Each structure stands twice: as C-alpha cells, then as structure tokens.
Amino acid sequence: MISSAADSSIDSGIEAKIESYIKGLRGRGVIRGDERTAWLVYDLASEKKLVSINENAALQAASMVKPYLALAFFHQVKAGRLIYGPESRKHMELMIQKSNNASTNWVMRQTGGPAATQGLLKQHYPALCGHLSLVEYIPSNGRTYRNRASASDYGRFLHALWHRQLPQSEEILRIMGLPGPDRLYTKAREVPQGTRVFNKTGSTAMCCGDMGILVAEGDDGKRYPYILVGIIESGRRNGSSYGTWISRRADVIRQVSNIVYLGMKERYPL
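This write-up is about the structure you can find in this document. Note that residues are indexed from 1 along each chain, following the sequence as it is written. Local features in a predicted model are, by the rule used here, given only for residues with pLDDT of at least 70; side-chain atom pairs are given and counted only at 80 or more, and totals for whole chains, interfaces and linings are based on all residues. Based on all heavy atoms of the structure, the side-chain values leave hydrogens and waters out of the count.

Some thoughts on the pattern of salt bridges
Opposite charge on two side chains permits them to pair, given that their charged atoms come into close proximity. Going by this rule: For this analysis, a salt bridge means a side-chain nitrogen from Lys or Arg found within 4 Å of a carboxyl oxygen belonging to Asp or Glu. Helix and strand assignments follow DSSP, with helices taken as H or I runs no shorter than four residues and strands as E runs no shorter than two, numbered in order from the N terminus. Here's how the labels work: a residue is buried when its accessible area is under 20% of the maximum for its type, exposed when over 50%, partly exposed in between, all with a 1.4 Å probe on protein chains only.
Evaluation of the coordinates by the stated rule reveals 15 salt bridges. The closest approach of N and O atoms between Glu233 and Arg36, which form a salt bridge, is 3.1 Å. Of this pair, Glu233 sits in strand β7 (residues 223–233) while Arg36 sits in strand β1 (residues 36–43), and the two are 197 residues apart along the sequence. What makes Glu233 buried here is its relative accessible area of 8%. Judged by its relative accessible area of 41%, Arg36 falls in the partly exposed class. Two residues, Arg267 and Asp43, come together in a salt bridge whose shortest N-O distance is 3.5 Å. Of this pair, Arg267 sits in helix α8 (residues 242–267) while Asp43 is found in strand β1, placing the two residues 224 residues apart along the sequence. Judged by relative accessible area, Asp43 falls into the buried class, the value being 0%.

Below, the structure is given as structure tokens:
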C-alpha cells in the first residue's frame, strides 16, 4: 500500500524536474496564479514513490472518480447483491471508456446513489478514500464540481488494482485499458509507441486530470509499470475558453508524462 506520509525514497531528480517545469509555466503565465496542480508518481517495479507534489490536496474529481464507482459496483457483485451481466457490462464500459455520464449515473444508482456509494467505499476500502467526497450524481450539463478526491487516493486505488487486491480487478483493468482518450501516453512524444496504459481522464471547466498506470517495456524483455497521476484545478470556470484551457492543460500533463518516462529510463533499461 502506498503511504501518504513523507517518503524518504522520493526520487528528487524526477520531482525536481516536474517542479521546475511547472514553476517555469507559472512564470510565463501559462499556468495562472489561481490554478493548483497535484502530481504523484509511483514505481510499481521497485515499490517506491518517486514524486509527491500536493498529493493530499482534495481537488475536483471529475470523471476520475468513475473507477471508484466500478469498485463499489463490483463489491456488491462479490457480496451477491448485484449481477454483472450484459446490461451492467455495457454501462461499465460506457462509463469508463467513453466517460458517458448517463451510464455513470446508472452505475451509481445500482449502489444506492452518491451518499450510499461513498459510505460503502469508506467502510470497506478506507485506505483508498482518504480525501474522497462523493456527494452528487454527474450533473446533466457535465459540470461535476462537488465530487472531490486527491492524487494520493488515486495512487492507492491504482496500486491496489494493479496488485489485484480489489473485486474484479482484472475486469476493471480491462476496461481502463480499452482504447480511449488519455493524457499520459497519446501525444506524449517521449513515451514509446505500444506502451500499455490503464487510465481514466477527468475534465470540467475547472479541472483537467488523468490517473493511470503505464507499463514500460524494457530492452531486457521485462515490464516496468508505474503509476502517474496529474491534476490541474482552476480557481474559476473557464467557460468560453474551455476548449483552449483544457487542451493546454492536457499538454502540460503530457509533458510531465514525458519527464516521468525519461526518469524511468534512467532507472531501467528502457
């Protein structure tokens, strides 16, 4: 389990490069003063945390909360209270692969709605929900502002998922690995083609994020998986400029992903 406490194993080289990059963007006004960022990198191959920047800040969850809803659903399946059949599988894939909000709300209704779903998660998976606040369905206009979580929450979730410690871990990984949008691999030029990614993006007029696991292929034939979480939250809605804002922040996350991969390359024969 990933600790949220200060970790003496932090790879200050990668972390310092990310901090320098973000500081440079702030200096040029690319990232505004009212924007907060959070970053977490965890090397699953060595079981070491490499980057921890604002990882415990509770920020907008947006669609990054959707794998948690899958966990709640599959918990109830394991308990015999729900059935995972053709209809629920369809909604599960639409929720995560296509980020369909109607399917997301369908899944959440099966587990009793926001309050009941949060209660279930915090009761049975407290270590994964330190800053999770699930208080609303996804609004019809897509503006999910009130649900919150932290980079450290996502990191612990992904760690448990990778180690198959959650109900239906293989199925959740399968769905998170289906072709879809991401800000960790696609257009991240330093990350080699063919790198596997299991992720979930999140986007609102105030939040741009991605949380996922990348599996780097080594020249030695081994796999070197690592967790990367990046979140940028704005202090105000970027309504009329949403398209430009979200695109530029997505590119920031991609560049951080480049920095992380190059850092992994220094650690392993990639």
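Considering the pairing of strand β2 (residues 48–53)
On a regular strand, each side chain points to the face opposite its neighbour's, so the side chains alternate between the two faces of the sheet. What counts here: Strand pairing follows a simple DSSP-based rule, namely that at least 2 bridges must link the two strands.
Sheet topology places β1 next to β2; five bridges connect them, and they run antiparallel. When the sheet's bridge partners are listed, Trp39 is paired in β2 with Ile53. Count of turn residues in the β1/β2 antiparallel hairpin: four residues, of which Glu47 carries a positive phi of about 55 degrees.

Regarding the packing of aromatic side chains
For any pair of aromatic rings, the description rests on two quantities: the centre-to-centre distance and the angle between the ring planes. The cut-off we apply is this: Any pair of Phe, Tyr and Trp rings, taking the six-membered ring for Trp, is counted once the centres come within 6.5 Å. Such a pair is stacked with planes under 30 degrees apart, edge-to-face with planes over 60 apart, and tilted for the rest. Charge-over-ring placement is defined geometrically: NZ (Lys) or CZ (Arg) within 6 Å of the ring centre, and within 35 degrees of the ring normal.
In this structure the tally under the stated criterion is eight aromatic pairs. Ring geometry for Phe73 against Tyr84: centres 6.4 Å apart, planes inclined by 70 degrees, an arrangement best described as edge-to-face. Placement of Phe73 in helix α2 (residues 66–78) and of Tyr84 in the loop between α2 and α3 (86–96) is noted, with a sequence separation of eleven residues between them. Aromatic rings pair up to connect Phe73, Phe74, Tyr84 and Trp106 into one cluster. Over the aromatic face of Trp162 sits the side chain of Arg164, whose NZ or CZ is 5.2 Å from the ring centroid.

Looking at the packing of α2 against α3
Counted only if it meets this: The axes used here are C-alpha line fits, helices contributing only the stretch in contact, and every angle between their N-to-C directions lies in the interval 0 to 180 degrees. Working rule for angles: under 35 degrees goes down as roughly parallel, over 145 as roughly antiparallel, 65 to 115 as roughly perpendicular, anything else as oblique. Left-handed is the label given to a crossing in which the near helix is rotated counterclockwise from the far helix by less than a right angle, and right-handed is the label when the rotation is clockwise. Only heavy atoms enter the contact rule, under which two residues are in contact if any of them lie within 4.5 Å.
It is the contact of α2 with α3, at a shortest axis distance of 9 Å, that shows an interaxial angle of 160 degrees. By the angle class used here, α2 and α3 are roughly antiparallel. For α2 against α3, the interelement crossing comes out left-handed. From α2, Lys66, Pro67, Leu69, Ala70, Phe73 and Phe74 reach across to α3, where they touch Ser88, Met92, Met95 and Ile96.

So, the nonpolar core
Note the cut-off: Working definition of a nonpolar core: buried Ala, Val, Leu, Ile, Met, Phe, Trp, Tyr and Cys residues. They are joined through side-chain atoms within 4.5 Å.
By size, the foremost hydrophobic cluster in this structure holds 53 residues, and its most contacted members are Tyr68, Leu128, Tyr154, Phe157, Leu158 and Val229. Sorting elements by how many residues they give to this core places α2 first, with eight residues. Discounting residues that sit within four places of it in the chain, Phe157 has contacts with Pro67, Tyr68, Leu71, Leu128, Leu166 and Met211. Of all hydrophobic cores here, the second largest spans 33 residues; its members include Leu50, Trp245, Ile259 and Tyr261.

Observations concerning the side chain of Thr204
As a reminder, the rule being used: Think of a polar contact as two N or O atoms within 3.5 Å of one another; within protein, one of them needs to be a possible hydrogen donor and the other a possible acceptor, and neighboring residues in sequence only count if both atoms come from side chains.
Here Thr204 is to be found in strand β5 (residues 196–204). Judged by relative accessible area, which is 4%, Thr204 ranks as buried. Within the structure, the side chain of Thr204 is placed 2.8 Å from the side chain of Gln60, a separation counted as a polar contact. Among the polar contacts listed, one links the side chain of Thr204 to the backbone nitrogen of Met206, at a separation of 2.9 Å.

Re the sheet that holds β5
Hydrogen bonds along the backbone pair up the strands of a sheet, which may run parallel or antiparallel. One open sheet accounts for five strands, arranged β2-β1-β7-β6-β5; its pairing is antiparallel. Where the open sheet ends on each side, the last strands, each with one partner, are β2 and β5. Ignoring strand direction, the axes of neighbouring strands in this sheet form an average angle of 5 degrees. Its contacts with the sheet put helix α1 (residues 12–27) on β1 and β2, and the angle it makes with β2 is roughly 20 degrees.

Examining the pairing of β5
Judged by how many residues are buried, β5 sits mostly within the fold: seven of nine residues are covered. In the sheet, β5 pairs with strand β6 (residues 207–217) via nine bridges, with the strands oriented antiparallel. For Val197, the partnering residue across the bridge sits in β6 and is Leu214.

Topic: the environment of Ile172
Mapped onto the elements, Ile172 comes out in helix α7 (residues 169–176). Taking C-alpha positions, Ile172 is 14 Å from Tyr154, a pair spaced 18 residues apart along the chain. When near neighbours in sequence (up to four residues on either side) are disregarded, Ile172 contacts Ala70, Leu71, Phe74, Leu161 and Pro167.

As for helix α5 (residues 114–124)
What counts here: Note that the arc is defined by the directions from the helix axis to the C-beta atoms.
Buried within α5 are the following residues: Pro114, Thr117, Gln118, Leu120 and Leu121. Considered in projection along α5, the buried side chains sweep an arc of 160 degrees and stay on one side of the axis. Facing away from the buried surface of α5 by more than 90 degrees, the exposed residues are Ala115 and Gln123. Elements in contact with the buried residues of α5: α2 and α4 (101–110).

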